[in-house]
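Architecture and fold: a report
Spelled out from the first residue to the last, the chains are:
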Amino acid sequence: MIYKINYLENKIKESLKSLGYETDVTISPSKMPELGDYQFNGIMPLAKKYHENPINIANKLIELIKEYPEIKDANVAGPGFINLTFNNSFLIDFLNESNENIDINYNQNINKTIFLDYGGPNVAKVLHVGHLRSANIGEALKRLCNSVGCNTISDVHLGDWGRPMGMVILEIKNRYPLLPYFKEDYNGEEVDFNLTNDDLLELYPIATTKAKENAEIMEEARKINYDLQNKHPGYFALWQKIVEVSVNEIKKLYKDLNISFDLWEGEYDSSLYMDELLEYLYSKNIIRESEGAKIIDIKEDNDNKEMPPLIMIKSNGAISYEATDLAAIWERVHKFNLNEIWYMTDKRQELHFNQVFRAAQKSAIVDKTKLVFNGYGTMNGADGKPFKTRDGGVMPLANLIDMVTIECEKRLNPGITENRHDIAKTIAIAAIKYADLLPYRTTDYNFDIEKFTDLNGKTGTYLLYSTIRMKSLLNKAQSLNIYPHKITNLNSFERKIALAMLDLKRIIKRSFDNCSLNEICEYLYKITNLYNNFYSENHILTENNKDLQISMLTLTKIIYDNNCKLLDILGINIPEKM
Ligand code: ARG
């Protein structure tokens, strides 16, 4: 089944060809709906190319377009824009095709394999709101990639192999010096040491603050980290324990957030490829020594911005964050056949990724694989500064979810007596996610609990409520033996909905091209609003005209299916009721 707009575009292309003009044709929703449904803006460039008057070309084309059965009216505006008004039958056919296969609105047959690196939580450290956006945006982009036809591989890329690990191990060593992990002759035996995630959350800030404030402690932590990276048996066993405890907790939180990964790899896994990578870099003469460190020069002659060399191995022998990312690329392109690798992190990491990408290209670790940095803006508090707890600390993500859950539970229908907390939590997560995906990816936004959970606002709450209401209408109809079947009727509200549906494929494509979910969020709100207007104007269940009733019910089903699909792309679950 060919998507109707592409079909029309081809038809116009053929008409132009018959008039002697060669060009690709794109039509888009009209900026002035009073003049037409869609517009074609391609006449002016064509006039330039063929040295002709645009109005002449437009008039000739319009004569042909007016004959199309899909078109009710076509006219020229301004210097040569063509406005198109569709016949209702065209829109009805399109809706019926969508009813049969809603997928025609998303799939773009983009057959790429895209590797997505997102989440990036740090082991032993509390998962705070700063990590929310990476997981949220990454998950939604993965689902968007799948919906347009791509294969995806997702990796959480744990921060598990850096100096903080040395600090945490040192703190544990100081507290429990007798643990077998710290014995000279430790030999891999099972250790009875009950370490919980709460212990780690308590330990981590103390350990890192001590090291930062005291040079001797820092030096000790550095040494431990160096030994750990060289597989000191005791440290390594303890490190494994820390990772296990931490990852279990992280998995629970991601599960609540409806976020999942194909791979649970981390910096450590990449570090296993370090020797291979270094050997390769030496063989290519890409790496050199400088002040005891091993570095890669990546500055290019025409650079006007700063581009410091990438440090692979620091002068103290430790491998850098950049090196782990370069090794990760090495690993990924050797294991998989990838068209692209996407990274979702705070936009403040842009320089880091620029350095890594340049080094990967310069050393030809990647040739055809495109490396893409999808940075995002910060979630701020009401004061416009990065979101903090009341006492100024970082806000754990779990606390944020609890806070919003309490707010949503207050607003929940009092008639719901069972599972109130779980339902409220699902709504809270929808509210958080939607608010997070609504601004353009790189834009900062302010966290505002009232605004995000408002049942009448541009919110996840409103979308869930409306979608559940569509479902309950369909259920009620079913209990009366009325089933959706075919659209036969379009009044003015339904026509607007049909046009919005027709535009969806373009919105999906643009969201994919921009790697941002903002347009999908806006679109969901718009189409839900249009549907709600239609819903309040009609009494579907008591409508006497049976064809009309079934037509309206079918439209409800299409919008319901579409909302479910789009919410699913955003990674939002829909509760049974609310
Ligand atoms: N763990 C890192 C952090 O908290 C984010 C990891 C991002 N991904 C990557 N491949 N470097 O900043």
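Residues numbered from 1 in each chain as written. Predicted model: local features only at pLDDT ≥ 70, side-chain atom pairs only at ≥ 80, totals over all residues. Heavy atoms only, no water.

Quick look at the overall build of the chain
Along the chain, the regular secondary structure elements total 21 helices and 13 strands. Principal-axis analysis of the C-alpha atoms places the extent of the chain at approximately 85 × 65 × 40 Å. The buried share of the chain, reckoned over its 578 residues, is 53%. Considering only residue pairs separated by 6 or more positions, the chain has 74% of its internal contacts joining residues 24 or more positions apart. (Helix = DSSP H or I, 4+ residues; strand = E, 2+ residues; numbered from the N terminus. Buried < 20%, exposed > 50% of the residue type's maximum accessible area, 1.4 Å probe, protein only. Contact = heavy atoms within 4.5 Å.)

Points about the sheet that holds strand 10 (residues 340–343)
Reading across from one edge, 6-5-10-11 is the order of the 4 strands in this open sheet, with parallel pairing throughout. Whereas interior strands pair on both sides, the edge strands pair on one side only; in this sheet they are strand 6 (151–155) and strand 11 (370–373). Pairs of neighbouring strands in the sheet enclose a mean axial angle of 20°, with direction left out of account. As defined by bridge partners, strand 5 (residues 113–117) adjoins strand 6 across 5 bridges and the pair is classed as parallel. Its bridge partner lying in strand 6, Ile114 is registered against Thr152. Across the face of the sheet, helix 13 (residues 350–362) comes into contact with strand 10 and strand 11 while running at roughly 175° to strand 11. (Pairing = 2+ DSSP bridges. Axes fitted to C-alpha atoms, helices over the stretch in contact; angles between N-to-C directions.)

Overview of the site of the ligand
Residues in close proximity to the ligand include Asp117, Gly120, Asn122, His131, His157, Tyr321, Asp325, Tyr343, Thr345, Gln349 and Phe353, which together make up its full environment. Side-chain polar atom of Asp117 to a nitrogen atom of the ligand: 2.8 Å apart, as the coordinates give it. Contact between the ligand and Tyr321: a nitrogen atom at 2.7 Å from a side-chain N or O atom of the residue. For the ligand, whose unbound accessible area comes to 350 Å², protein coverage reaches 87%. (Near = heavy atom within 4 Å. Polar contact = N/O pair within 3.5 Å; in protein donor to acceptor, adjacent residues only side chain to side chain. Areas by Shrake-Rupley, 256 points an atom, 1.4 Å probe, with all protein chains shown as cover.)

Side note on the pairing of strand 7 (residues 287–290)
For strand 7 and strand 8 (residues 293–296), the ladder comprises 4 bridges, and the chain directions are antiparallel. Bridging across to strand 8, Ile287 finds its partner in Ile296. Hairpin geometry of strand 7 and strand 8 is characterised by an intervening segment of 2 residues between the two adjacent antiparallel strands and by a positive phi of about 50° at Glu291.

A few points about the packing of helix 1 (residues 4–18) against helix 3 (residues 54–65)
Running from N to C, helix 1 and helix 3 point in directions that differ by 120°, and their axes come no closer than 10 Å. Classed by the angle they form, the pair helix 1 and helix 3 counts as oblique. Here the hand of the crossing between helix 1 and helix 3 comes out right-handed. Here helix 1 contributes Ile12, Ser15, Leu16 and Ser18 to the contact with helix 3, which in turn contributes Ile57, Leu61, Leu64 and Ile65. For the contact of helix 1 with helix 3, the class distribution of residues is 6 nonpolar, 2 polar and no charged. (Parallel < 35°, antiparallel > 145°, perpendicular 65-115°, else oblique. Left-handed = near helix turned anticlockwise from the far one by under 90°. Nonpolar A, V, L, I, M, F, W, Y, C, P; charged D, E, K, R; others polar.)

Brief notes about helix 17 (residues 460–479)
Side chains three or four residues apart in an α-helix point the same way, a direct result of the helix having 3.6 residues per turn. Between its first and last C-alpha, helix 17 extends 29 Å over 20 residues, near the 28 Å set by a 1.5 Å rise per residue. Inspection of helix 17 places Gly460, Thr461, Tyr462, Leu463, Leu464, Ser466, Thr467, Ile468, Met470, Leu473, Leu474 and Ala477 among the buried residues, and these make up the whole buried set. Its buried side turned inward, helix 17 meets helix 15 (420–437), helix 16 (449–453), helix 20 (518–537) and helix 21 (546–569). A positive backbone phi angle near 65° is found at Asn481, which sits one or two residues after helix 17. (Expected span 1.5 Å × (residues − 1).)

Some thoughts on the packing of aromatic side chains
Within the structure shown, the criterion is met by 31 aromatic pairs. Geometrically, the ring pair formed by Phe115 and Phe336 is tilted, given 6.0 Å between the ring centres and 45° between the ring planes. With Phe115 in strand 5 and Phe336 in the loop between helix 12 (321–335) and strand 10, this pair connects stretches of sequence that are 221 residues apart. For Phe115, a relative accessible area of 0% gives the class buried. (Phe/Tyr/Trp six-rings, centres within 6.5 Å; stacked < 30°, edge-to-face > 60°.)

Considerations on the sheet that holds strand 4 (residues 81–86)
Reading across from one edge, 1-2-4-3 is the order of the 4 strands in this open sheet, with antiparallel pairing throughout. The outermost strands of the open sheet, each flanked by one partner alone, are strand 1 (27–29) and strand 3 (71–77). Across the sheet, the axes of successive neighbouring strands diverge by a mean angle of 30°, strand direction being ignored. Here 6 bridges tie strand 3 to strand 4, and the two strands are oriented antiparallel to one another. Counted as the bridge partner of Ala74 is Leu84 from strand 4.

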